[in-house]
Structures are given as C-alpha cells and as structure tokens.
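Here is what each chain is made of, one letter per residue.
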Amino acid sequence: MMEVSVMCFLVLVTGLHSANMEIAVVTCAEEDFTCEKDHKCIPLRWHCDKEPDCPDASDEKPEDCSKKVCPHGHFSCKNGVCLPPTWVCDGSPDCADGDDEDKEKCKETTCREDQFKCVTEGYCINSRLKCNGDKDCLDGSDELNCPSKASQCSEDEFDCNNDGSECIPHEQVCNGIKNCANFMDELDSMCPETNPCDLNNGGCNQKCVNKFREHTHVCECYNGYRLMNGSTTTCKDIDECKIFGSCSQNCDNTKGGYKCSCVHGYTLKDHRYCKADGPRSPELLLAARKDLRKINLETYHYTLLVSEEKVFGAIAMDFDYDDNMLFWTDVAVEQVLKANFDNISDVKVVADNETVQTPDGLAVDWIYKHIYWTDTGLDRIQVSTMDGSMRKTLVDTDLDEPRAIVVDPQNGYMYWTDWGNKAKIERCGMNGQGRVSIIEADDNTHDIIWPNGLTIDYVDQRLYWIDAKLHKISSINLNGGDMKVVLRSHVHLNHPFAITVFEDYLYWTDWPSESVRKFTKFGSDTDSVQTIALDLHSPMDVQVFHKYRQPTSANVCGSNNGGCSHFCLPAPNSATGSMNFTCECPDGFVHLPYDLTKCVLAEETTCREDQFKCVTEGYCINSRLKCNGDKDCLDGSDELDCPSKASQCSEDEFDCNNDGSECISHELVCNGIKNCANFMDELASMCPASPDINETNPCDLNNGGCNQNCVNKFREHTHVCECYNGYRLMNGSTTICKDVNECEIFGSCSQHCDNTKGGYKCSCVHGYTLKDHRYCKADGPRSPELLLADRKDLRKINLETYHYTLLVSEEKVFGAVAMDFDYVDNMLFWTDVAVEQVLKANLDNISDVKVVADNKTVQTPDGLAVDWIYKHIYWTDTGLDRIQVSTMDGSMRKTLVDTDLDEPRAIVVDPQNGYMYWTDWGNKAKIEKCGMNGQGRVSIIEADDNTHDIVWPNGLTIDYVDQRLYWIDAKLHKISSINLNGGDMKVVLCSHVHLNHPFAVTVFEDYLYWTDWPSESVRKFTKFGSDTDSVQTIALDLHSPMDVQVFHKYRQPTSANVCGSNNGGCSHFCLPAPNSATGSVNFTCECPDGFVHLPHDLTKCVPAGSVELSTKVPVATQTSKHTEVEVTLFGPGGYTIVSNGKWSDTVEAGQFETKEEENIGRIAGIVIVIGILLTLIIIIVVIVFVIYRRYRGKHGKSMNFDNPSY
C-alpha cells in the first residue's frame, strides 16, 4: 500500500505560505527539464508526454520530441507514450493501439505459483479464478480443460453423452430420427410408446419437456417468464424492469418482455442505451492538482484550462453550465476559486484562508446559485453565494473526515461522504436540516470503509460512491436502499479518489496509475474497463461537463429570493415529498425574533454564556479557550484583548502595579528610596514606620524559617520561602528546598545527563561532541545525508547544504515506498510496490540493481529495516499481512509473523538488544515488538477508547542512543515518543499544518525528519519538542515523498555479534533474540520457509517433508574405543544422519541400515544410566547457583538500571 497500505494516500496540506516556516531552497537536479521561458523545473518524465507542462510549452517542442526515447525498462507505445513495465501485459490496453497487450510479447510473462497465466494475452490472474465459470482471461483460457460438469446443455436441450459435449433440442428426442451420434436419443429403453406431454400438455400451461432418460417430464416457460414460486406447472411473467441495468433509463414491463425509453433530451440506441442529444460532445473536467483541464469524451483529446501559474493544489471542482462558470478548491493556498470559461485567466477568490482550511469537496447548486463545500481541516460543511459575499456553516458536529459532497437541488438534498473512524454517507436538506446517515460502517457487512468519491445520477435517482479501501464502486438509491456492487478490482480501483457519472458510464481518477478510467454504471465484465487518460501528475476530481448533468427544475424561492433578506435555501418536505425552502442567515447574523425572513448582525448573546464568538467567522468556541495562549479561532480573535495576568514579574521581584508592567528587585522594597514610579515600594502601610516601632522584617529572624531564600511580601504583610535555581520546595513543605533532578525532564540533555546539586551536566556518547553545553553533534568529516524515496526515484540530501543528488532514477524505480541501508557495506535497499519487489544496489555502483525478493514472495512491501550486525533485512507486507526476514542476497527467507496483522506498515530493528518493532494502522491501531527471531511478541502501545494516543501510526524510527521510539500519526497529526517498553510517552509535535498527512520519520542527533504527502515536502524539528514555528522545510516540490533515512555511520552503532564467526553453528539463519531473564542478547537457529529443524539437532535445517524418523528404534554400534549411535532418517532425498554431526553418504529412500540389533537392550541400559547422572548434575548446579546469588545479594553492591528489562 502503499496506505498506502501504502494508505491511504492523502489528506491535503494547509498553510504552506506560513511566514514562520524556514524554507531551504533546493536547486533542481540534472534529471529535471528546464522550461525555456521562466526556467521552471519539471520532472524529466513530463518531457514529450504530449501534455504541455511548461507555461511556454517548451517541453513539447516537435523538434525535441521527435527524438524522444523511453527510459530504460519502460514500454514505448507507437505514439511515443512511455508506460511503466507493470502496465504491460496486465490485461488492460494502455497504448492507443493496444500494443502493450500484444499476444506474442505477453507470452514471455512469468506468473507466481498462486497465479494462472492467460494463454493468448500472457498476463497473470489469481489461480482461484481458474475454472470458476467466468472468463477472467480475455481468451477464456482460464475456463479451458476444466473438470467436466454433470451437464453443460441448456434446460431445453437433450445431453447425448451426459457430459455436455453434444446437445440437441428436446423436440428431436424419440422422433424416429437418430440425431445423436451415439443414437442415445432413440433408445428403446428411453422412448416409451406414449409421450406424457401428449396428454393435456403434461399439465403445463406453457412448455412441456419430456425427460426421456429420466422417464418423466417437466414444465418450462417461454423467454420472459418463469415458474411461479411453489409451482411446477404454472408460469408467470418476469418483471425485467426490476433487474438492475435492464434499461439505461426508463423501463416498461410487458408480457414476456420489456421496453426501454429515455427521458427528454436523450435518444434510445440499440433498444436500451440512452445517448444525450445535442451537437456538443460531453467533456470531462479534470483537476490534476497543478492544473485544470478538459477532455473530449469522444476523441479523448484534452485542453488545458488553468495552468500551474494559478493552480497550486487543486482538489475538488464543479461548474455552472448555464453561467459557463468553473469553480474549484485549492488546498495549497486554502481557497475556493472561480473563473468564467470565456475568460478563464480571470480567476477570482470566493473564499480565502480566513474562512477555509482544507476544502476537500465541492458542489455547485445550479438552480439556486450557491456552492457547497466540505472542509476536512475544520470539520464542517458550508454554503456560499457564488461571489462569496455570504457564507453559512450548515454542519459542524459529528464530522470526522468529510470528503466528497453532491447536491440535488431538484429534491432539496445534499449528500456527503465521511471516511473517519466510522465511515458513512450522510444526507440532509440543502439548508442543513433533517440530517440522517443513509449508509455507515458495520462490523458484519463491511459495505463501506473509505468512501472517497461520490456522484449522483439525476436521471436514475441513484448515488454511486468509490471506496479506496475496499477497491470497489457501489450504488444505492437516494434513500440508502437497493445496494449494488458495480465493480470490485484491485487493479482498476487501486486507490480511487473521485467519480462522476453520465449516460451509462462512470468515470473516476486513480492515484497509483495516475489515470482516468471508464466503466458501465450497471457493472459487467471487468475487462471492459477503459483507461481514457494516462500519465497525469496527481489526478483529483472529475466532472462531466454537459447541460444534462444539471437538469432544469423549478426554483421554489422564485424571483424575489423567497422574501428572504439573505439565504433562501431549498429544503425537502418529508411529509408531502414536495420542495420547500427556509430563509437562513449567514455566519455572524441572526434572525429577527419576529420575522424569520430577515437577518441582522448577531449580538454577543448569539453564543451561549459558556462560549466565545470568533469575530471574523462568527462561530462559537468554549469560553475556556479564550485567552489560553492558543489561537482557536482562525482569526485569533480569542487571544485579543486578553486581561493582563495577575503578575508577570519573577518570583524574586516586586510588582509595582500588580499587573506585571513594572518590576523591581525585592531588595529595593522599603529601603527608603522610591523605586516604583507610583511609589508603591515605599508605602507606609506596607513598610515599617520607623526603627523605633517594634515592626521588623520577618525574614530577619532566622531567615523566616527558610533554608534558602526568604521573600518579604510587604503588600500582603507576610513572607514566603523560595528556592535557588535548580531547587524546589519539598512536597508538603513551605520552608525546605530540595534539588530538582533536571535529568528527569525530557530534553534537558541531548544524550547523557548527570544531575548535580542545583544543576545538571550533559555529556555525549563516544563519537559525538558536546556543543552549547547540551547538544551532541556527530564527529567525522562526512556530513550526514538524508536518503529519500520519492516514489519514482531515490535521492540523497546533504543535511548541511540541503543540496540533493539523484541515486536511482525512474528508469529503475517505479513505486519506491520503503528504504534502508547498510553503512559498513555501503548498500542501499528499497521496496517497490509497483513491481512487487525488494531490491538493492551498492552505492559505489548504484546502477547495478539486484532483486532480493520478487513478486512470487512479496506483494505490498510497505516497510523495510536492515540489520547491519547480523546482515539480514526485515520487511512488512501489508498485502499478505506478514513480516519476513531475509538474507541480504535473498537466498533465504523466513516468515516471522503472519497472524493478527491487519495493516502492518513501518518496521525498525534493534540488533543491539535483539528486538524488532512495527506499526499496524488497522482496525485496532498499535505498535508491537518481538525478538528478531519472531518470538516473544507483545503490544507496547495500542488504540484505547479513553486516551486516543494512537490512531493511524505511519512512520516509525528508533533513537539508539536515547533508547526511544518515535512514531508519526497521520490521523492525529502528531509525533509521539515512548521508551522501548512502551512507557514514558511524550508528545513532540501536534500540528495540522506541519503534519497534514505524514508518512515516514527518522531521527539523528537532536532532530526528527519526516515526509509529508500533501505539501510534497521533507520537514525537520527537534526531537524534544518546542515552539512549532521552529519547524523547517528542507525539501519541496517532491513528486510523492515516501521513506526517509539519515545516512551516517552512527545511525548503525557497532555491537557484538552473538552468532560469532561461525553463524552460531546454525546451518541457515542465526537470529538474535533477547533473554528476558538476564537482559542480554542471545540467539536461536531458525529455518527458512520450506525447511524444518532436525529432530535431534536444532541447529540444522532440511527441506520440509524430506525428513522423517525411521520406524525402527535407533541402534548403537560398539567399537573398541567408543560408542557411536546412528539414526537413519528417510525422505524423498534419502537422508542418513550420524551422531558425530557428519552426514553419511545419501542412501536411497526406503533403505534402512541396521547395526548389531542384538545389542539394543544393553545400549538402552547405558542410555538410562547416563540420563540419571545428567539429572543429578543439573540439580547440583542449580543449588550452587541459588546459594551464590543469595551470597551476592547480601555482600555485593547492587546496581539499578532505569532501562526496562524484558
């Protein structure tokens, strides 16, 4: 998944223009194409792709593009388009001429063991689809050579051979003519003298069929009829109009048939298909994130509407056909915008970032001239006039992740999807009233999980939605009933985003394939899915632009706006089913108490007494959020005009005005000099009148009882004890100070911390130098570098200069998600979900890419971790839901965890301690750990209904110096940290802006680095947390930033290899495993998948099924010097094993060697004696060990370790 797993993919960014963000400019690399006019950089793969991406179209100059050559490994269509290798021979033609699905070329494709290869086309399908009765291969080869069924003849045919190989009509049986080749239709034993159908038609009211072979008859019905329920003789008409998709639009049932017709504006074709009238072809409007374009749906030719000069993050779009207006949302600048198609360059703002944050969905009401949008950042749905002069919040409660929205002004409803914790589709009146959920997530049915796109068929009155998690398109009526699954496909619906409908077809965008696809809205053979647009940058919303997508209807508000002073919004009348309307007030306005058609500016009483009203937006927040130091209103009005705090002076200062505006030292109070401007420090009521009066300073007597500072609170006529810096008052005491242990405060020191009396001292581990008394910087001449997987390439960024270098280009990278490295061996490893592989390359010879695991072993390798000590690699596979370990060359692999995994994502290993950790963002999000041998699995943090500490854990990293885990939560928008036992949790950063949809995270020195999808950036922040304004953006304009790793030798600290130089004596895997009793690292010998341990030697592995203990008792042979016990094992390979650890010559299967069987009894006695002696020795050793431990406990020095032991 990439999601996904690889995820899900995107919740789009806000606030990229923040003035407080420090942005490091990254120069374009050589592999980018430079536009001629403005020197803008675009990816080289966009050069000559027949889509002008430069403002001056210099990337599509004919003289350059005629010489274009596709990157290595890509497929070149005859029209010059380049396809990734995974699109070739996948059963879906992507070249205009279908050359990528050429039968001869596809025959060379190799399928996995669990797949079947289509004969003609050569592409692979799941083996379960073989002989399932449906032709899943285009040539139907998956249904050839299948086991014969009892009969394949139809019900009105006679089966001559009883195997479906020869069929004849029932009328030709027993008619005196031998029609079957074997004459079975005229056998005397089968043909009676009388035909039961001759008498009263066998009792049938339509067809009587003589079942000669069975000596009986049955009643059958004509086409368009079926037998009545409970009857075997009477036929009734079939109502074909109840069958989904019988007609394109209107359907009239007739006796034995049906008749299709179309609504006004459509013409019937082929008796069932309705095609829109008019000379203008339908067009597809497409938001491709950095531009807006339209595609002719007959020629598939596209035209650029708005270029990237004015589009930065377009997500949702819609139109008003009559007014020729285009509307769209841009999450990069946090705006809703519009432009007239006749003057498309004149872009106007409808709503700016003071009103919206992440406008994810948009819908135009073409009848009442309003626009509606969802805001997933503010969790609300708003309506606005088309010029943006008025806005109203319609829904702002119980919204989790509102996404797509559609309106039905003919009936007065609006519908929206919400893919939050409880996924659902809801509806309410277009005035925000009468809200109901029409379909929602259910633990039993799983009909909806991640509803992304949503569209409405105004003719058929049905909703269609697209589910990115279930990989399917479903449809329901407008009341939520009559659900139909239209299409289910991981290939065609990998991660769909938006969907629209017109005539008989659905159109949708798909992120991984960067395409727009088309399919019948009634569902049929998945092979009829068409790809109509390819090589799109980031395809977002789609809308079919045609007048019949916005059918005309009466405006119940009339010409006078319903008499409303502001909004007149349609509202359905649930009792009568007719349309009504209500007058509504914009945000910041209220109805007049005596006239609900009129609105006036809201007074302070609009919000409840326990609420505060935001000035600009007009919505209410809890009063407790007023003046709390955080801007909870978008305009920050909740932090304006806040009362001064009681005192802002320090504890050892005197507050002259009692408001913190003027502070003087306590020593200057009552010293005879007026130091405060208002002379408050020398007031007679506060200071002793004269030395003759028996008024004394309470601090003069025994320091006021304080063991450190005594402070005379003159104004209060009392005193308090205060402590020096580095000390605090003891619990329960007002006079005695104790030392503060700063080392217990998270982040006091970069690495090591030693507490001192009244202070603390920081130090660093070997290889680091202390800077500024607390910060540890890695030694060495080589600067740390950031390795980055940018989906279509791998690169590294110097963390001092921020200059980047390309490592592996898109010629060899198609869907890179996870990556890691071996510093000592200078090796780079990464996973590619597009080709379903784990790969590696030496950084000194980066072009020599080798496959570690191919698509026969992995499916969606979402996370990767390198064990640099024992030389293994570990990965998570969210497609197969398992975790595996492999040698670095891929020669051996072992599945470590394959149970209770839902959506395993990131993985890290700690070979120093023998543990591995991984995240799982499934139904019950959690972080788990186990030994690196797969044993001792425990959950160290998991989702909890009370705390909500973890919901969508994406990236994970480990700080080997501080022994802490850091993870990044894409749903909670925060970075958190725990110790390696799951305790001492700290929230490092929580921000919707900087953590909009983070994917991966890594740590080095004092800093965290993470990738963020919506902003297409890499960001940096202190690992101890501080002011969010110190977040830095160190890389921008990335294609799809995935994994990050800091490349430095201290990210892989050296440690002892407990397996030693002989691999621990293991024949195959020697895997580290923690010893929970001692806290030390041990190891176990493990067998690769398909191998098993020898029964008597757990260090040796042999192929599974090839070894079996002999059925005879093992025997011993006596020699002059020693006894040799020989055990013979059998299997397909014929193994023989001897006790001295050496293999004997292989013997044939079934052979058995016998040595002096008469000595069996004597040898058995010897074995028993030896066993008794060994037992006694073990008991003695245990007793001695216990006595020794007690002695050490009484006489030795004890040491307590804060680090957890397992």
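The structure under discussion appears in the preceding block.
Quick caveat: nothing in here was measured; it's all calculated off a predicted structure.

Analysis parameters
Residues numbered from 1 in each chain as written. Predicted model: local features only at pLDDT ≥ 70, side-chain atom pairs only at ≥ 80, totals over all residues. Heavy atoms only, no water. Buried < 20%, exposed > 50% of the residue type's maximum accessible area, 1.4 Å probe, protein only. Helix = DSSP H or I, 4+ residues; strand = E, 2+ residues; numbered from the N terminus. Pairing = 2+ DSSP bridges. Polar contact = N/O pair within 3.5 Å; in protein donor to acceptor, adjacent residues only side chain to side chain. Contact = heavy atoms within 4.5 Å. Core = buried A, V, L, I, M, F, W, Y, C linked by side-chain atoms within 4.5 Å. Phe/Tyr/Trp six-rings, centres within 6.5 Å; stacked < 30°, edge-to-face > 60°. Lys NZ or Arg CZ within 6 Å of the ring centre and 35° of its normal. Salt bridge = Lys/Arg side-chain N within 4 Å of Asp/Glu carboxyl O. Axes fitted to C-alpha atoms, helices over the stretch in contact; angles between N-to-C directions.

**Points about the pairing of strand β74 (residues 964-969)**
And then number 1: In terms of burial, β74 is a largely internal element, 6 of the 6 residues being buried.
And then number 2: In β74, alternate side chains face the same way, and those of R964, Y966 and I968 on one face and L965, W967 and D969 on the other are all buried.
And then number 3: Where strand β73 (residues 953-959) lies against β74, 5 bridges are found, and the strand directions are antiparallel. In the sheet register, T957 faces β74, and the bridge partner there is Y966.
And then number 4: Where β73 hands over to β74, the hairpin turn is made up of 4 residues, of which Q963 adopts a positive phi near 55 degrees.
And then number 5: Pairing analysis gives 6 bridges linking β74 to strand β75 (residues 974-979), with the strands arranged antiparallel. Directly across from R964, in β75, lies its bridge partner N979.

**What to know about the side chain of Q1052**
And then number 1: Structurally, Q1052 is set in the loop between β81 (1044-1047) and β82 (1069-1074).
And then number 2: Relative accessible area serves as the criterion here: at 7%, Q1052 is assigned to the buried category.
And then number 3: In terms of polar contacts, Q1052 uses its side chain to reach the backbone carbonyl oxygen of F821, at 2.5 Å.
And then number 4: Dropping the residues within four chain positions of it, Q1052 is found in contact with D820, F821, D822, Y823 and W868.

**Some thoughts on the nonpolar core**
And then number 1: Grouped together as the largest cluster of nonpolar side chains are 39 residues, with contacts concentrated most on L284, L292, L326 and W328.
And then number 2: Those residues within four positions of L326 in sequence are excluded, and the remaining contacts are L285, L292, L305, M317, D318, L337, K338, A339, F341 and I344.
And then number 3: Of all hydrophobic cores here, the second largest spans 38 residues; its members include Y768, L788, F999 and V1044.

**As for the packing of aromatic side chains**
And then number 1: Per the stated rule, a full pass over the model turns up 22 aromatic pairs.
And then number 2: Relative to F1047, the ring of Y823 has its centre 4.9 Å away and its plane inclined at 40 degrees; by these criteria the two rings are tilted. Of this pair, Y823 sits in the loop between β61 (816-822) and β62 (827-832) while F1047 sits in strand β81, placing them 224 residues apart in sequence.
And then number 3: Assessed through its relative accessible area of 3%, F1047 is described here as buried.
And then number 4: By the ring-pair criterion, three or more aromatic residues cluster together here, those being F319, Y321, F341 and F545.
And then number 5: Above the face of the Y413 ring, R427 is positioned so that its terminal group lies 4.2 Å from the ring centre.
And then number 6: Between R795 and the ring centre of Y804, over which it is positioned, the NZ or CZ distance is 4.4 Å.

**So, the pattern of salt bridges**
And then number 1: Following the criterion strictly, the structure yields 42 salt bridges and no others.
And then number 2: The shortest N-O distance in the salt bridge between K294 and E283 comes to 3.7 Å. Note that K294 is positioned in strand β19 (residues 292-296) and E283 in strand β18 (residues 283-287), a separation of 11 residues in sequence.
And then number 3: Judged by its relative accessible area of 11%, E283 is buried.
And then number 4: Among the ionic pairs, D825 bridges to K871, the shortest N-O distance being 3.2 Å. Placement of the pair is D825 in the loop between β61 and β62 and K871 in the loop between β65 (861-867) and β66 (872-877), with a sequence separation of 46 residues.
And then number 5: What makes K871 partly exposed here is its relative accessible area of 28%.
And then number 6: Residues joined in a network through salt bridges with shared partners are R280, E283 and K294.

**Quick word on the sheet that holds strand β40 (residues 530-533)**
In a beta sheet, neighbouring strands pair by backbone hydrogen bonds and run either parallel or antiparallel.
And then number 1: What the 4 strands build is an open sheet, ordered β37-β38-β39-β40; its pairing is antiparallel. Where the open sheet ends on each side, the last strands, each with one partner, are β37 (496-502) and β40. Pairwise comparison of adjacent strand axes, ignoring direction, gives a mean angle of 30 degrees for this sheet.
And then number 2: Sheet topology note: the β37/strand β38 (residues 505-510) ladder contains 5 bridges and is antiparallel. In the strand pairing of β38, V501 is matched with L506.

**Thoughts on unusual backbone geometry**
And then number 1: At H471, a position not held by glycine, the phi torsion is positive, near 55 degrees.
And then number 2: Secondary-structure assignment places H471 in the loop between β34 (462-467) and β35 (472-477).
And then number 3: The backbone of E1016 sits at a positive phi, close to 50 degrees, despite the residue not being glycine.
And then number 4: Take E1016: it is sitting in the loop between β78 (1007-1012) and β79 (1017-1022).
And then number 5: E1016 sits in the buried class, given a relative accessible area of 6%.

Geometric descriptors of this kind do not, in isolation, establish any biological role.
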